[in-house]
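Chains, contacts and geometry: an overview
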Amino acid sequence: MSFTIHGIGVSEGIAIGQAHLLSHATLEVAHYTVRKQEVANEIARFDAAIKEVHAELQTLHENMAANVPAELAAFLDLHQMILSDPIISKAAPKRIEEQRCNAEWALKQQMDELLEQFDQIEDAYLRERKVDVVQVGERVLKALMGHPGHVPPPADLEQNSILVAHDLSPAELILFKQHRFAAFITDIGGPMSHTAIVARSLNVPSIVALHQARQLVREEDTLVVDGTQGVVIVNPDKQVLAEYKLRQNQRELERQKLKRLKLTRSTTLDGTAVELQANIELPQDIEQVKENGAMGIGLFRSEFLYLNRPDLPSEEEQLEAYRKVAQKMRGLPVTIRTLDLGAEKSINDAERGPNPALGLRAIRLCLAEPYMFHTQLRAILRASNYGNIRILIPMLSNVAELNQTLQSIELAKTSLDKDRMPYNRSVEIGGMIEIPAAALALSVFIKKLDFLSIGTNDLIQYTLAIDRADDAVAHLYDPLHPAVLHLIANTIATANKAGVPIAVCGEMAGDVSLTRLLLGFGLRQFSMHPAYLLTVKQQVLRTNIPDITGLTQKILKADDPEKVRELLSHLNS
């Protein structure tokens, strides 16, 4: 029987293949009382399980193939950290002692309490780390109950196999990497889940939040996975299968055609030059950047060097990462955004505020942690000696923050002078416009900054007061809301009038349906995920700016969302 399941597409593309089901069984945890003289033995049993899982994760880490994405090693390190955290390793034995219960029950009770705390966290990224806690807990439970920690997949899996799971841990993804699955689909997860991150890094179609896929799909069922639409078709009939095979072939042909544009200059039909740059998280991303012909790095998210580790990266470690990127880009601009994390990420054990998204994060956190900020600034400045590096300050909201930041940069320069370390003395300083207050008071920032970059992801969320990671309100997250469009258009116009370079580095920059609209607003610099570069370049090459200016102004004047979408459709036709 053929049927369709809908979820959240987190990695685009179409895959066709046979289902391979990853075993998932909810562990039933017994509860019984142990005698007083048996408490020590029960605690020892728990400690042994912890050590067993530590060893298991360490073995996986040591046996990783060279071509495994760097993110996987970081995720394994995170699982090791969770396993070592006293809130699990010490609290569960304490429960055994106080309640005289078996180790499995003590761990389950501790996990339930911890997961309730995660549900209260407002930050979307940190809230999704709840999945990691569950995965670590299940590994320890399996060790306690005598279950194998993992079961290797069949050796004869072919490349057209599609992995179907309730959830996938980083460790499991490492085991399955060698089999080159055509796609991943899971019952749970979100756009920022580890499965999604790894699927995107592998360039493999993936869908999450399918809810019942693991129960409904059977081994070796034929599946069509449309990661673009978030649709899984189980046992499609011949006509549907033929249609998707045609789409798959057409997509591959389009992808090959786009590669021809790699060396083509990015100019519109009327001769206007448009600079297309890339966003990256880690130095390893540079290869994809170069494959797609980016003219620079418009956003290097430096906070990824800080995540999934118990300590802060040293100045030398950061210098090496920044230097490597600068040298590989061979003189093209590399814009490094200073640390954009919040106190909820537990940097230096900082206390999490009641509303992390509006609390101590990004430049606010850096200014509150001057030693940490000083270390990063020194590393970035030192790296500027090896290439065309620029500094980008996130989440600016007032001129006092900017002045304090500029003073911090000068202090870092002075300390490098004292240590006789070379750096580019005229390194450019830019600011991110992602808070409505900054967009509305732009004239103040323009006077003091060399360039600007609009972070549309946060600008939309803060303007509309909507967390797009929250399923309950995600449908209200709208880049085409008139207030959002006016803020973006006015910011671009003000910067252009003042002669200050401005870019858009949020998701809107990589959305080809919005390319002409942004060009009509006067934008001439885009920065996006490398995978979207050639598609956007193709749209730029097909655009004649004089032809779109009038329609762009009509879109700005429209206050009906449906009218905006209708006009946008005409703009792109």
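In what follows, the structure referred to is the one given above.
Description of the structure in this document.

Quick notes on the rules
Residues numbered from 1 in each chain as written. Predicted model: local features only at pLDDT ≥ 70, side-chain atom pairs only at ≥ 80, totals over all residues. Heavy atoms only, no water. Axes fitted to C-alpha atoms, helices over the stretch in contact; angles between N-to-C directions. Helix = DSSP H or I, 4+ residues; strand = E, 2+ residues; numbered from the N terminus. Parallel < 35°, antiparallel > 145°, perpendicular 65-115°, else oblique. Left-handed = near helix turned anticlockwise from the far one by under 90°. Contact = heavy atoms within 4.5 Å. Nonpolar A, V, L, I, M, F, W, Y, C, P; charged D, E, K, R; others polar. Pairing = 2+ DSSP bridges. Expected span 1.5 Å × (residues − 1). Buried < 20%, exposed > 50% of the residue type's maximum accessible area, 1.4 Å probe, protein only. Polar contact = N/O pair within 3.5 Å; in protein donor to acceptor, adjacent residues only side chain to side chain. Salt bridge = Lys/Arg side-chain N within 4 Å of Asp/Glu carboxyl O.

Think of two packed helices as two axes; the pair is described by the angle between the axes and how far apart they sit. The contact between helix α4 (residues 91-99) and helix α5 (residues 103-119) brings their axes to 8 Å, and the two run at 125°. It follows that α4 is oblique to α5 by the angle criterion. Our pair here, α4 against α5, has a crossing hand that is right-handed. Seen from α4, the contacting residues are A91, A92, R95 and I96; seen from α5, they are A103, A106, L107, Q109, Q110 and E113. Taken together, the residues of the contact of α4 with α5 break down into six nonpolar, two polar and two charged.

A word on the sheet that holds strand β8 (residues 231-234). In space, the eight strands of this open sheet follow the order β1-β8-β7-β3-β4-β5-β6-β2, with mixed pairing throughout. Single-partner strands in this sheet number two, and they are β1 (3-6) and β2 (8-11). On average, adjacent strands in this sheet sit at an angle of 30° to one another, irrespective of strand direction. By the bridge criterion, two bridges tie strand β5 (residues 183-186) to strand β6 (residues 206-208) in an arrangement that is parallel. What sits directly across from I185, in β6, is I207.

Residues that lie three or four places apart on an α-helix share one face, since the helix turns once every 3.6 residues. Over its 17 residues, α5 extends 25 Å from the first C-alpha to the last, a length consistent with the 24 Å expected when each residue adds 1.5 Å. Listing the buried residues of α5 in full gives A103, E104, W105, A106, L107, Q110, M111, L114, L115 and F118.

Time to look at the environment of H31. Structurally, H31 can be placed in the loop between β3 (14-21) and α1 (39-62). Between the alpha carbons of H31 and C101 there is a distance of 7.0 Å; along the sequence they are 70 residues apart. What H31 contacts, discounting residues up to four positions off in sequence, is C101, N102 and W105.

Here we come to unusual backbone geometry. Only a minority of non-glycine residues have a phi that is not negative, and only a minority of peptide bonds are not trans. Even without a glycine there, the phi angle at R100 is positive, about 50°. The topology assignment puts R100 in the loop between α4 and α5. Judged by its relative accessible area of 36%, R100 falls in the partly exposed class. With a phi close to 55°, A362 is a non-glycine residue in the positive phi region.

On a regular strand, one side chain projects to one face of the sheet and the next to the other, so that they alternate. Of all five residues that make up strand β7 (residues 222-226), four are buried, and the element is covered over most of its length. Across five bridges, β3 lies against β7 in antiparallel orientation. Each bridged residue has a counterpart across the sheet, and for Q18 the counterpart in β7 is T222. Two elements, β7 and β8, share four bridges in a ladder whose sense is antiparallel. Note on β8: the bridge partner recorded for V224 is I233.

Right, let's talk about the side chain of Q376 for a bit. Examined against the element boundaries, Q376 turns out to sit in helix α15 (residues 370-383). Judged by relative accessible area, which is 1%, Q376 ranks as buried. Within the local environment of Q376, its side chain forms a polar contact with the side chain of Y322, the two groups lying 3.2 Å apart. Within polar-contact distance, the side chain of Q376 engages the backbone nitrogen of L339 at 3.0 Å. The residues contacting Q376, other than those within four sequence positions of it, are S302, Y306, Q318, Y322, R337, T338 and L339.

Opposite charge on two side chains permits pairing when their charged atoms draw close. Using the criterion set out here, one finds 25 salt bridges in the structure. Notably, a salt bridge pairs E104 with R45, separated by 2.9 Å at the nearest N-O pair. Linking E104 in helix α5 with R45 in helix α1, this pair joins segments that are 59 residues apart in sequence. In this structure, the salt-bridge partner of D478 is R565, at a minimum N-O distance of 2.9 Å. Of this pair, D478 sits in the loop between α19 (456-464) and α20 (482-498) while R565 is found in helix α24 (residues 561-572), placing the two residues 87 residues apart along the sequence. For D478, a relative accessible area of 13% corresponds to the buried category. When salt bridges with common partners are traced through the structure, they connect E303, R337, D340, R361 and D458 into a single cluster.

In short, geometric facts, not functional conclusions.
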